[in-house]
Amino acid sequence: MSVLTVKPSFPNHLMVETLIQQLQAGHHLAVMLDYDGTLTPIVSRPEEAQLDTEGLQTLVDLATHPQIRLALISGRSVEQLQGFIHSILPQPILLAGLHGGQVWDALNNQCLAEPDENLVNLKAQFLQDVYNHILTKYGELPQGITFEEKGYSFALHYRLADETTGLDVHQIFQNAFDLDAIVHNAFRIQAGHSVIEIVPKPFNKGEGVRFCVDYWQKQDPKARLFPVFAGDDKTDEVGLKATLALGGAGIAVGVDPQEMLALKHEEQEALWVLKDPAEMQSVLKALVQALPSIENASNALSPLLEERARERGGS
Ligand SMILES: [Mg+2]
């Protein structure tokens, strides 16, 4: 896919204005963001996808606004997401890892959704199986091939490998999966930018979106939520679909919606498009800058958030 040729279909200032209008109408924004490729640029080494201080501050400013709920919904594990944002914790943010299969409430340090433990053993056996197949063929792990452990799933990255080797190990992974009936039953294959992984079947970002929105709605039954989900990858298509079905807005980052094949034509047309994670950051920052103009007495900060605001001011 050609990231640089994507033209914004919905001008960024209109995007921010629409979100502000939702807040002015008394709605709560349920902001759900994918991480890699959406908030941070895709990097060769997944562990280096770190948000800068400004990006982290934007998350804090969004999360602490009384009319905004914030979640990160990622294919990464909750532990990895915690690592990326640990410097700002605790904050009222939901971290939905493993495509929504594992959800953690960062303010209350509480796990809200945890998958079946047996999947961990099954996954470990399959990882060993794929690893052995690669060793049988190459004698050692080829350069640029890395395994990423995610507890209930694992990913094989080949962005740093040469193209032929990358496609070959992708196929080895796929073949091992196709031949393993037990793994086949419990997991599905998820492929993204130079990455292939197995994910427990119930885990997908559509479920992640619905889980977060349900959770916030239960916390505040009277709130009128306007869901917004942003993503860049194949794995985000079901998240965008779910968000549109809930009457919210979907944002495609750095990807042509017409390439999002899980979406119907009218769903592709409904998406807002941003060029890259830098544009995503600038939209979020513009939203944060506009927030004081819509604040009023009914939006007064809760005592807990007020305390956090004071701490931030004093640090
Ligand atoms: Mg992504």
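Residues numbered from 1 in each chain as written. Predicted model: local features only at pLDDT ≥ 70, side-chain atom pairs only at ≥ 80, totals over all residues.

**Focus on unusual backbone geometry**
The bulk of non-glycine residues show a negative phi, and the bulk of peptide bonds are trans. Operational definition: Each helix is a run of DSSP H or I of at least 4 residues and each strand a run of E of at least 2, with the numbering of both proceeding from the N terminus. Counts of 20 or more other C-beta atoms within 10 Å of a residue's own C-beta define buried residues, counts of 12 or fewer define exposed ones, and intermediate counts define partly exposed ones; C-beta atoms are placed from the backbone.
Residue Pro 90 follows Leu 89 across a cis peptide bond; omega there is 0 degrees. Mapped onto the elements, Pro 90 comes out in the loop between helix H3 (78-85) and strand E3 (93-97). Here the phi dihedral of His 99 falls at roughly 60 degrees; this positive angle occurs in a residue that is not glycine. By secondary structure assignment, the location of His 99 is in the loop between E3 and strand E4 (102-105). The class of His 99 is buried, set by 29 C-beta atoms lying within 10 Å.

**So, the sheet that holds strand E6 (residues 146-149)**
Which entries qualify depends on this criterion: Note on pairing: two strands pair once DSSP finds at least 2 bridges between them. A fitted line through C-alpha atoms represents every axis, and for helices the fit uses only the stretch in contact; the resulting angles, taken between N-to-C directions, go from 0 to 180 degrees. Any pair of residues counts as being in contact when their C-beta atoms, constructed from backbone geometry, are within 7 Å of one another.
Here four strands make up an open sheet; going across it, the order is E6-E7-E9-E8 and the pairing antiparallel. Two strands close off the open sheet at either side, each with one partner strand: E6 and strand E8 (187-192). Strand-to-strand twist of the sheet, defined as the mean angle between neighbouring strand axes without regard to direction, takes the value 20 degrees. Pairing of E8 with strand E9 (residues 195-200) involves six bridges; the strand directions are antiparallel. Counterpart to Phe 187 in the pairing with E9 is Pro 200. Packed on one face of the sheet, helix H5 (residues 163-179) meets strand E7 (154-157), E8 and E9 and runs near 25 degrees to E9.

**Looking at the nonpolar core**
Worth spelling out the cut-off: Connectivity within a nonpolar core runs through C-beta atoms within 7 Å, and the core itself is a set of buried Ala, Val, Leu, Ile, Met, Phe, Trp, Tyr and Cys residues.
Core analysis: the largest hydrophobic core is formed by 58 residues, its most contacted members being Met 32 and Val 228. Excluding its chain neighbours within four sequence positions, the residues that come into contact with Val 228 are Leu 29, Ala 30, Val 31, Met 32, Thr 243, Gly 248, Ala 249 and Ile 251. Core analysis: the second largest hydrophobic core is formed by 19 residues, Ile 134, Tyr 158, Phe 187 and Ile 196 among them.

**Here we look at the domain arrangement of the protein chain**
Formally: Residue ranges for the domains originate in an automatic or database domain assignment. Residues are grouped as follows: nonpolar covers Ala, Val, Leu, Ile, Met, Phe, Trp, Tyr, Cys and Pro; charged covers Asp, Glu, Lys and Arg; every other residue, Gly included, is treated as polar.
Domains assigned within the protein chain are domain 1 (3-114 + 204-314) and domain 2 (118-200). One C-alpha centre belongs to domain 1, the other to domain 2; they are set 29 Å apart. Counting from both sides, the interface comprises 13 residues of domain 1 and, opposite them, 14 residues of domain 2. Counted by class, the side of domain 1 that touches domain 2 contains three nonpolar, seven polar and three charged residues.

**Comments concerning the sheet that holds strand E1 (residues 28-33)**
Reading across from one edge, E5-E4-E3-E2-E1-E10-E11-E12 is the order of the eight strands in this open sheet, with mixed pairing throughout. Looking at which strands have only one partner, the edges of the open sheet turn out to be strand E5 (110-113) and strand E12 (272-274). In this sheet, neighbouring strand axes are inclined to one another by 20 degrees on average, regardless of whether the strands run parallel or antiparallel. In this sheet, E3 lies alongside strand E2 (residues 68-73) in parallel orientation, the contact comprising four bridges.

**Focus on the environment of Thr 53**
Topologically, Thr 53 is positioned in helix H2 (residues 53-63). The exposure class assigned to Thr 53 is exposed, which follows from the 9 C-beta atoms found within 10 Å. For the pair formed by Thr 53 and Phe 229, sequence separation is 176 residues and the distance between their alpha carbons is 22 Å.

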